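Chains, contacts and geometry: an overview
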Amino acid sequence: MLFVMLYFVMEFILGRSEIITPVGFVWLLLCVLLNTLFCFNSLSLFNAFAYDLWFIFDAFQIIVIVYYFRQTESVESITKKYIYCFVIMAVIGLMQVILQYAGINFFVTQVNDMHRANGFSYEPSYYVTYMLMGWCICMYLFEKGNFSIFPKRRLAVFTLLITVAMVLSTSRMGWIMMVLYIGVRLLVNLNRLFVGRITIWKIILIALIFLIIAAFILVVYGIYTQNETVLLYLNGLGLGGTSAHSSSTRINGLLNTLNVFLNNPIIGVSLGGVDPAICYEIFGWETYENGSGVCVFAEVLAAFGVFGFVFFMIYLYKLIFGYRKIKCKNKQQKQVMASYAIALVFILIILQMNQNILRPVLWAHIAILSAIYSIERNRDMKPKSDKEWKKL
């Protein structure tokens, strides 16, 4: 990616490329500017400027991807390749689980009796955070009966593969997000669920309702009877007498991050200054390594201050609802754009239970979403005939 960026800069200097402003990019630039200025309010300048360079890299990545994808790709070709990436990672996750039963740990980072899938990430929750985006896109397209990217059967197989891989990761955050997505889509489609002809999607949704209810009953029963398997999966949440190390760590991280914001409400500490500020509050000057913020929105508040937070929220708003402002007559392409926006919403939700807004997978998704918006806007602006070209 760095090589591509350098090539883009050389082309720009030589006048062979142009900078195309992605959707809402001005608001992101304001956030980058504030982050750079607020680096001087950080307790660790090295950490602050390292994160600042990372943030600048992510912003520049959006410009580069928008420029090249707009020239060489279509919404369909991008989406097809993107979904294939998730399918490949799903297959790798399934291979990991299967091979563990044979005693082979293929890039497995947590070796235990649970046989968890983690792909090439260092833990299952990060794997699921990545897979969630592809799952949302596939689920939404399948729900809408949109088979413009893949035929119905292939899309169904891909959706199933990604679903199974996410379930077998045993990431509770992943399971919660899957249930949340299904719940939201059920509420949206509730008035149509029992009306009209019966479709495969309606059957799947109804089956999922009963599956979720059954799972909830089994968990409650498992807690009541102190079932070892159920308690194993609940460990870390503080339920049924289990340890609360996972939930308490996240809650404490959130409170610590909000405390940094309350101490720096206007002039933030920059993205690289959040953890050092937490460390200072907890450990004094002992270390900068044990402070860990949680909830990316709280992290943005602490880093950019209240005004920077507003700028960032405006940027996300323009990204999430940008497809509504694009005059696209093709209903299926509109649905594809909507699926990317929904995927962005859900990765932002899951990151509220984790740290670091600079996750590469998040910014890669933002870059791709910005690219397809740019492609559609460009298509919308193109004249339809040679006569119209001559008028220009």
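Attention in this report is confined to the structure presented alongside it. (Residues numbered from 1 in each chain as written. Predicted model: local features only at pLDDT ≥ 70, side-chain atom pairs only at ≥ 80, totals over all residues. Heavy atoms only, no water.)

**Overview of the overall build of the protein chain**
Using the following cut-off: Counting from the N terminus, the helices are DSSP H or I runs at least four residues long and the strands are E runs at least two residues long. Relative accessibility decides the category of a residue: with a 1.4 Å probe and only protein chains considered, values under 20% of the type maximum give buried, values over 50% give exposed, and everything between is partly exposed. Contacts: residue pairs with any heavy atoms within 4.5 Å of one another. Note on areas: Shrake-Rupley, 1.4 Å probe, and residue coverage restricted to the protein chains presented here.
When its secondary structure is counted, the protein chain shows 16 helices and zero strands. Residues classed as buried in the protein chain amount to 47% of the 392 residues present. Restricting the contact set of the protein chain to residue pairs at least 6 apart, pairs at least 24 apart contribute 72%. Taken as a whole, the protein chain presents about 20,100 Å² of accessible surface, with 68% of it coming from carbon and sulfur.

**A short note on helix α12 (residues 296-320)**
Put simply, the rule is: In this scheme, a helix's expected span is set at 1.5 Å multiplied by one less than its residue total. At any given residue, the bend is defined as the angle formed between two axes, one fitted to the seven residues that end at that position and one fitted to the seven that begin there.
For α12, which comprises 25 residues, the first-to-last C-alpha distance of 17 Å sits more than 12% below the rise-based estimate of 36 Å (1.5 Å per residue). Within α12, the axis deviates most sharply at glycine 305, by approximately 120°.

**A look at the packing of aromatic side chains**
Stated precisely, the cut-off is as follows: The pairing test for Phe, Tyr and Trp rings, Trp by its six-membered ring, is centres within 6.5 Å, and the orientation test on the planes gives stacked under 30 degrees, edge-to-face over 60, and tilted for anything in between.
Tallied over the full model, the rule gives 18 aromatic pairs. Both rings, one in phenylalanine 150 and one in phenylalanine 158, keep their centres 5.1 Å apart while their planes meet at 85°; by these two values the pair is edge-to-face. Judged by relative accessible area, phenylalanine 150 falls into the buried class, the value being 1%. Note on phenylalanine 158: relative accessible area 10%, which makes it buried. Taken together through their ring pairs, the aromatic side chains of Phe55, Phe304, Phe312 and Trp363 make up a single cluster.

**What to know about the nonpolar core**
Quick note on the threshold: Working definition of a nonpolar core: buried Ala, Val, Leu, Ile, Met, Phe, Trp, Tyr and Cys residues. They are joined through side-chain atoms within 4.5 Å.
Membership of the largest hydrophobic core comes to 101 residues, with the highest contact counts inside it found for Trp135 and Trp363. It is helix α5 (residues 124-143) that contributes the most residues to this core, 13 residues altogether. Not counting chain neighbours up to four residues away, the residues in contact with tryptophan 363 comprise Leu28, Phe55, Asp58, Gln61, Ile62, Phe312, Tyr315, Ile357 and Leu358.

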